[in-house]
Amino acid sequence: MKKVLVAFFSQTGNTEKVARAIFDALQCDKEIKPIDESMDAIGYELIFCGFPVQGHSVPAKAKPFLEKLAKDQKVAFFTTHGSLRGGKFPRQALEDALGMTTQTKLMGTFGCRGKVKPELIDALAKQLQHEAWADEAHSAHEHPTAADLHDAAAFAQKICKKAQI
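Summary of the structure given here. (Residues numbered from 1 in each chain as written. Predicted model: local features only at pLDDT ≥ 70, side-chain atom pairs only at ≥ 80, totals over all residues. Heavy atoms only, no water.)

**Some remarks on the pattern of salt bridges**
Using the criterion set out here, one finds four salt bridges in the structure. Two residues, Lys3 and Glu31, come together in a salt bridge whose shortest N-O distance is 2.8 Å. You can see Lys3 sitting in strand β1 (residues 3-8) and its partner Glu31 sitting in strand β2 (residues 29-34), a full 28 residues away along the chain. Note on Glu31: relative accessible area 23%, which makes it partly exposed. (Salt bridge = Lys/Arg side-chain N within 4 Å of Asp/Glu carboxyl O. Helix = DSSP H or I, 4+ residues; strand = E, 2+ residues; numbered from the N terminus. Buried < 20%, exposed > 50% of the residue type's maximum accessible area, 1.4 Å probe, protein only.)

**Thoughts on the state of the cysteines**
In the structure shown here, the tally under the stated rule is zero disulfides. Not part of a disulfide, Cys49 finds its nearest cysteine sulfur in Cys112, a span of 15 Å. Overall, the relative accessible area of 0% leaves Cys49 in the buried class. Judged by relative accessible area, Cys112 falls into the buried class, the value being 0%. (Disulfide = S-S within 2.5 Å.)

**Structural notes on the sheet that holds β2**
An order of β2-β1-β3-β4-β5 is seen for the five strands of this open sheet, with the pairing classed as parallel. Of all strands in the sheet, those bounded by a partner on one side alone are β2 and β5 (105-113). Strand-to-strand twist of the sheet, defined as the mean angle between neighbouring strand axes without regard to direction, takes the value 15°. Pairing analysis gives six bridges linking β1 to β2, with the strands arranged parallel. Bridge pairing in β2 links Leu5 to Glu31. Sheet strands in contact with helix α1 (residues 14-25) are β1, β2, β3 (46-52), β4 (74-81) and β5, and its direction is about 140° off that of β4. The strands touched by helix α6 (residues 146-162) are β3, β4 and β5; relative to β5, the strand with the most contacts, the crossing angle is about 175°. (Pairing = 2+ DSSP bridges. Axes fitted to C-alpha atoms, helices over the stretch in contact; angles between N-to-C directions. Contact = heavy atoms within 4.5 Å.)

Any functional reading would require information that these geometric values do not contain.
Written as structure tokens, this is what we have:
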């Protein structure tokens, strides 16, 4: 039987909620673990890897996991962020993740909004270059919503079908 790993890094709980929605949607042999407990990803047919977008990139705590993924490993990334879906900053973070895993087989990506700590928004709102992002992030306070989690589950099923799991 093919085994799937859902590995995630979450600071506020947003990414963990999405990870659990993905995990619950899987109809196969599966495991879910925080990234820091998943450093050995050998033996999995497919890995879903999730992280919050931080500083327009992959958080430092998630980078070692990404860098250790095996050549030809099937992987799907999911992110949470304060930006609008499809925004520049989440796309940039996914590009950074792809740059760290150039030898893997990307099966797909998913991103959804997540509540951002108010103190972070307030601090960044005082910086001219981050004013627009801060305005967007304020509107993410109810995310991830039930609809976001439903979309994450649909993403998981689509990726498993694509990966033939």
